[in-house]
Amino acid sequence: MDLSIGEVARRSGLSVHALRFYEREGLFANPVRRLSNGRRIYHEEDLEWLAICTKLRSSGMSLAMIRQYIDLVRQGPGNEHERLELLRRHESHVEAQLRELQETLDVMRYKVRIYEEHVARGEADRLWNPSHPDTARAGARQECHPPEGA
């Protein structure tokens, strides 16, 4: 089934501008086909690839790395080990991002708990405030650094 750029935009959640950018950057697994009048024509497999491609982008994979992956795919069978290695490298990168985000979430949860406790006790004025030296010294360690294992 042939799809217009507008239909692909609606179904993929990408803007027409983004689709043109992906095409210009060579990020489609297959070249975008055109009618004799120049209108772009897409197919279901283009949508399937876009779903993968947008996940790769949102996970932090660089355009260069996506292009490298696509180039390997376009070459056909025989380079599966290279593709696998590229995907494993990115998987490691995503896992590191997740660890970093989990550490960030832990700090945020700790800070929320500190604020909730202080507000509930009516002691919000004792929270760390760098412009007030008394509270800055008293609460800085507690508020900025969750205890180990928190």
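Residues numbered from 1 in each chain as written. Predicted model: local features only at pLDDT ≥ 70, side-chain atom pairs only at ≥ 80, totals over all residues. Heavy atoms only, no water.

Colleague: When you look at the overall build of the protein in this model, what are you seeing that I'm missing?
Modeller: Scanning the protein from terminus to terminus reveals 6 helices and 2 strands. Out of the 150 residues belonging to the protein, those deemed buried represent 28%. Accessible area of the protein: about 10200 Å², with a carbon and sulfur share of 54%. (Helix = DSSP H or I, 4+ residues; strand = E, 2+ residues; numbered from the N terminus. Buried < 20%, exposed > 50% of the residue type's maximum accessible area, 1.4 Å probe, protein only. Areas by Shrake-Rupley, 256 points an atom, 1.4 Å probe, with all protein chains shown as cover.)

Colleague: Looking at this structure, how should I read helix α3 (residues 44–58)?
Modeller: Residues lying three or four places apart along an α-helix face the same way, a consequence of the helix completing one turn every 3.6 residues. Between its first and last C-alpha, α3 extends 21 Å over 15 residues, near the 21 Å set by a 1.5 Å rise per residue. If you check which residues of α3 are buried, you get Asp46, Leu47, Trp49, Leu50, Cys53 and Leu56. Where α3 is buried, its residues touch α1 (5–12), α2 (16–24), β1 (33–34), β2 (40–41), α4 (63–75) and α5 (80–120). Just downstream of α3 lies glycine 60, where phi reads positive at about 100 degrees. (Expected span 1.5 Å × (residues − 1). Contact = heavy atoms within 4.5 Å.)

Colleague: For this particular structure, what's the right way to read the pattern of salt bridges?
Modeller: Two side chains carrying opposite charge are able to pair once their charged atoms lie near each other. With the rule as written, the count across this model stands at 8 salt bridges. Here arginine 121 makes a salt bridge to glutamate 123, at a shortest N to O gap of 2.9 Å. For arginine 121, a relative accessible area of 48% gives the class partly exposed. Sharing partners across several salt bridges, the network here consists of Glu23, Arg34 and Arg40. (Salt bridge = Lys/Arg side-chain N within 4 Å of Asp/Glu carboxyl O.)

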